[in-house]
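Chain by chain, the residues run as shown.
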Amino acid sequence: QIAFHETPLSDAVEAEIREKAAKLEEFFDRIISCRVVVESAHKHHHQGRLYGIKIHLVVPGEEIVVDRGHHDKHAHEDIYVAIRDAFDAVRRLLEDYARRMRGQVKTHASAWSHGHVARIFPEEGYGFIASPDGLEIYFHQNSVLHHGFGDLHVGAPVLYVSEEGEKGPQASSVRLADPQPTEELGE
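Since the model is a prediction, treat every value here as computed from it, not as a measurement.

Cut-offs used in this document
- Within any chain, residue numbers begin from 1 and follow the written order of that chain's sequence.
- Where totals are concerned, whole chains, interfaces and linings use all residues; where local detail is concerned, this predicted model gives features only for residues with pLDDT of at least 70, and gives and counts side-chain atom pairs only at 80 or more.
- Working from all heavy atoms in the structure, the side-chain values ignore hydrogens and water.
- Here is the rule: rings of Phe, Tyr and Trp (six-membered ring for Trp) pair when centre to centre is within 6.5 Å. Planes less than 30 degrees apart are stacked, more than 60 are edge-to-face, and the remainder are tilted.
- Any residue under 20% of the maximum accessible area for its type is buried, any over 50% is exposed, and the rest in between are partly exposed; the area is computed with a 1.4 Å probe on protein chains only.
- Helix numbers and strand numbers start at the N terminus; a helix is a DSSP run of H or I with at least 4 residues, a strand a run of E with at least 2.
- In this analysis, the expected span of each helix is defined as 1.5 Å times one less than the number of residues it contains.
- Note: the arc covers the axis-to-C-beta directions of the helix.
- Using a grid of 1 Å spacing that covers the protein atoms alone, one calls a set of points a cavity when a 1.4 Å probe fits there but cannot get out, and a pocket when the set is open and has protein on both sides within 12 Å along at least five of seven lines; lining residues are those with an atom within 4 Å of a point.
- Grid points are joined across faces, edges and corners, and a volume is the space filled by probe spheres set on the points.
- Residues were grouped as follows: Ala, Val, Leu, Ile, Met, Phe, Trp, Tyr, Cys and Pro as nonpolar; Asp, Glu, Lys and Arg as charged; and all remaining residues, including Gly, as polar.

Student: Talk me through the packing of aromatic side chains; I want residue IDs and the actual numbers.
Tutor: What the rule picks out here adds up to 6 aromatic pairs. A ring pair is formed by tyrosine 126 and phenylalanine 128, whose centres lie 6.0 Å apart and whose planes are at 85°; its orientation type is edge-to-face. Of the residues examined, tyrosine 126 reaches a relative accessible area of 25% and is grouped as partly exposed. Take phenylalanine 128: its relative accessible area is 17%, and that puts it in the buried class. Each member of the aromatic cluster is reached from another via a ring pair, and the members are Phe121, Tyr126, Phe128 and Tyr138.

Quick look at the structure:
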């Protein structure tokens, strides 16, 4: 499903989106639904029209959402760059999901680490966890269990499972922790 908001309908843009969605289906054939919304902000004095792309995938047992707003990157004055970036982000999340489904990413109790939220960017949907050894671990709102991203704030104690990502350590699962680090974990 493709929707255009405050953006003129374009057959070329729609074809580009359908091609990118088809590539996702080639990678992972159990996608239940895919909805893409193309939005644009009005022209500003110092920049052209910026495009925002929202992608909502439904896969068995989970929803994967990417919201690449039009407010953060001047590169997104080019609608094709905005589409590429959004689909790259959703593919990374889909790859993480597929690994979890195949059992390649295990989240046993012993894999959980303690940390606290060092920085959080609610508008952009991500943040960083400070580990006990001083590392900062990236996390995305989709990796926060039980839709708890909105409950996080700087300093909040969290439990997380980290893995090596393309740009360094990242948390594949995050959950709010009790203030005492003696909690028993289970699935």
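Following the structure, the description resumes.
Student: Can you lay out helix H1 (residues 11-27) for me, pointing to particular residues and giving the numbers?
Tutor: Think of an α-helix as turning once every 3.6 residues; residues three or four places apart then point the same way. Helix length check: H1, at 17 residues, gives a terminal C-alpha distance of 24 Å against a target of 24 Å (1.5 Å per residue), a fit within 8%. For H1, every residue scored as buried is listed here: Val13, Glu14, Ile17, Ala21 and Leu24. On an axial view of H1, the arc spanned by its buried residues comes to 100°, and they lie on one face. Residues Asp11 and Glu26 are exposed on H1 and point more than 90 degrees away from its buried face.

Student: Give me the layout of surface pockets: which residues, what numbers.
Tutor: Estimated volume of the largest pocket: approximately 1,500 Å³. The greatest single-element share of the lining of the largest pocket, amounting to 10 residues, is contributed by helix H2 (residues 79-102). In terms of residue class, the lining of the largest pocket is made up of 16 nonpolar, 15 polar and 19 charged.

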